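Summary of the model geometry
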Amino acid sequence: AALLVWGGMVSIGQSASLTSSRATNPYEPLNRSVGLESLTHLVTTIKEVSTFSTGDPALATITVQNPASPVLVWALRDFPHITYVDHISPSIDSDMVITPRNDAASVTPGADYIGQDTVIVRVWTASDLSLDQTARWFLYRIVDSHPPQELGVILWVRSEIYQLQQGTASPVSGGDD
């Protein structure tokens with residue numbers, strides 16, 4: 001009976017630790033794709049820019065270049081004027097454009113845009129770990145090698161909206177966390 005009580009306490013402790021202190025740790029086996037605080041900053045910035053440009057936090061036009069992360073799609077679920085496209089073309093004239101960070105050089109929106117990159121997800125897998133590294137990861141959730149992969153995006157804001165907003169409010173935020 002004592003072993004059962006001890007096991008229950010350890011289980012509750014691990015659950016509480018996972019949901020509070022280790023919730024953003026990409027080395028946790030239950031955290032396959034960890035959304036970061038910078039994702040919250042990105043959504044907040046989009047709402048601020050939308051409020052400034054349209055008077056409503058959700059009515060700005062947003063174009064997102066595919067492939068969009070499921071975490072990003074979920075974070076943007078409250079914005080009704082989102083268009084998902086395969087390529088950014090010069091004819092795009094949205095208030096904001098979101099592109100993968102690795103395609104920064106290929107973005108050519110029709111209007112002038114000012115961009116800010118941010119990491120929104122960190123992903124890690126336990127593949128290619130030695131026996132010692134696997135034991136250390138299993139016991140302590142620490143890995144000295146094999147850093148997590150980062151998925152970043154760039155939020156592009158039309159320059160005239162950004163310049164007007166910069167004169168009356170704080171500049172577009174959302175850097176790496």
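Residues numbered from 1 in each chain as written. Predicted model: local features only at pLDDT ≥ 70, side-chain atom pairs only at ≥ 80, totals over all residues. Heavy atoms only, no water.

**Focus: the confidence of the model for the chain**
Of all residues in the chain, 73% have pLDDT values of 70 or greater, and the mean over the chain is 77. Across residues 169-177, confidence stays below pLDDT 50; counting only partners more than four residues off in sequence or on other chains, it has 28 contacts. (pLDDT = per-residue confidence, 0-100. Contact = heavy atoms within 4.5 Å.)

**Considering helix 2 (residues 37-54)**
With 18 residues, helix 2 should cover 26 Å at 1.5 Å per step; its first-to-last C-alpha distance of 26 Å lies within 8% of that length. Within helix 2 the residues assigned to the buried category are Ser38, Leu39, Leu42, Val43, Thr45, Ile46, Val49 and Ser50. Down the axis of helix 2, the smallest arc covering the buried residues is 160°, so these residues share one side. At the exit of helix 2 stands Gly55, carrying a positive phi of roughly 85°. (Helix = DSSP H or I, 4+ residues; strand = E, 2+ residues; numbered from the N terminus. Expected span 1.5 Å × (residues − 1). Buried < 20%, exposed > 50% of the residue type's maximum accessible area, 1.4 Å probe, protein only. Arc of directions from axis to C-beta.)

**Here we look at a nonpolar patch on the surface**
Residues Phe138, Leu139, Tyr140 and Ile142 make up a contiguous nonpolar surface patch of roughly 470 Å² in combined accessible area. Of note, Phe138 is situated in helix 4 (residues 131-140). The exposure class assigned to Phe138 is exposed, which follows from its relative accessible area of 57%. (Patch = residues over 30% accessible without salt bridge, like charges linked within 9 Å, V, L, I, M, F, W, Y side chains within 5 Å. Areas by Shrake-Rupley, 256 points an atom, 1.4 Å probe, with all protein chains shown as cover. Salt bridge = Lys/Arg side-chain N within 4 Å of Asp/Glu carboxyl O.)

**Looking at the pattern of salt bridges**
Considering all chains together, one arrives at three salt bridges under this definition. Ionic pairing is found between Asp117 and Arg101, a salt bridge with its closest N-O pair at 3.5 Å. Of this pair, Asp117 sits in strand 5 (residues 113-123) while Arg101 sits in the loop between strand 4 (96-100) and strand 5; the two residues are 16 residues apart in sequence, bridging distant segments of the chain. Exposure remark for Arg101: the relative accessible area of 25% places this residue in the partly exposed category.

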